[in-house]
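Fold and contact review
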Amino acid sequence: MIQLEPRFQSFEEYLSYDDGTEHLYELFNGELIEVPPESGLNVETATLLLLQFFLKVGHCRVRGHG
């Protein structure tokens, strides 16, 4: 059996798509591409930047992702 990947005609169709999983996708030429999980180095870099911004501008103006 061949399973076709969903194709989207608009960005709104993409935003409303739900495959029932926690996977993240990006839209490329109308097709979904699964985004790999975030790397440890990326999390480490984001945390370092968060702390640096916190020290410069204060806690009220900085928010972490997620």
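Scroll up for the structure.
Keep in mind the model is a prediction, meaning the values are calculated, not measured.

Rules of the game
Residues numbered from 1 in each chain as written. Predicted model: local features only at pLDDT ≥ 70, side-chain atom pairs only at ≥ 80, totals over all residues. Heavy atoms only, no water. Helix = DSSP H or I, 4+ residues; strand = E, 2+ residues; numbered from the N terminus. Buried < 20%, exposed > 50% of the residue type's maximum accessible area, 1.4 Å probe, protein only. Contact = heavy atoms within 4.5 Å. Areas by Shrake-Rupley, 256 points an atom, 1.4 Å probe, with all protein chains shown as cover. Patch = residues over 30% accessible without salt bridge, like charges linked within 9 Å, V, L, I, M, F, W, Y side chains within 5 Å. Salt bridge = Lys/Arg side-chain N within 4 Å of Asp/Glu carboxyl O. Pairing = 2+ DSSP bridges.

Moving on, we get to the overall build of the protein chain. Within the protein chain one finds 2 helices and 2 strands. Listing every helix and strand of the protein chain by position from the N terminus yields α-β-β-α. Within the protein chain, the fraction of its 66 residues that count as buried is 8%. Considering only contacts within the protein chain whose residues lie at least 6 apart along the sequence, 14% involve residues at least 24 apart. A total of about 6400 Å² of accessible surface is found on the protein chain, and carbon and sulfur atoms cover 58% of it.

Where nonpolar side chains cluster on the molecular surface, the patch consists of Phe-11, Leu-15 and Leu-27 and spans about 290 Å² of accessible area. Along the chain, Phe-11 falls in helix α1 (residues 11-16). Overall, Phe-11 belongs to the partly exposed group, its relative accessible area being 48%.

Bringing the pairing of strand β1 (residues 25-28) into the picture now. Both β1 and strand β2 (residues 31-34) contribute to a ladder of 4 bridges, which runs antiparallel. Paired with Glu-26 across the strands is Ile-33, a residue of β2. As consecutive antiparallel partners, β1 and β2 are separated by 2 residues, and within that stretch Asn-29 has a phi angle of approximately 55°, a positive value.

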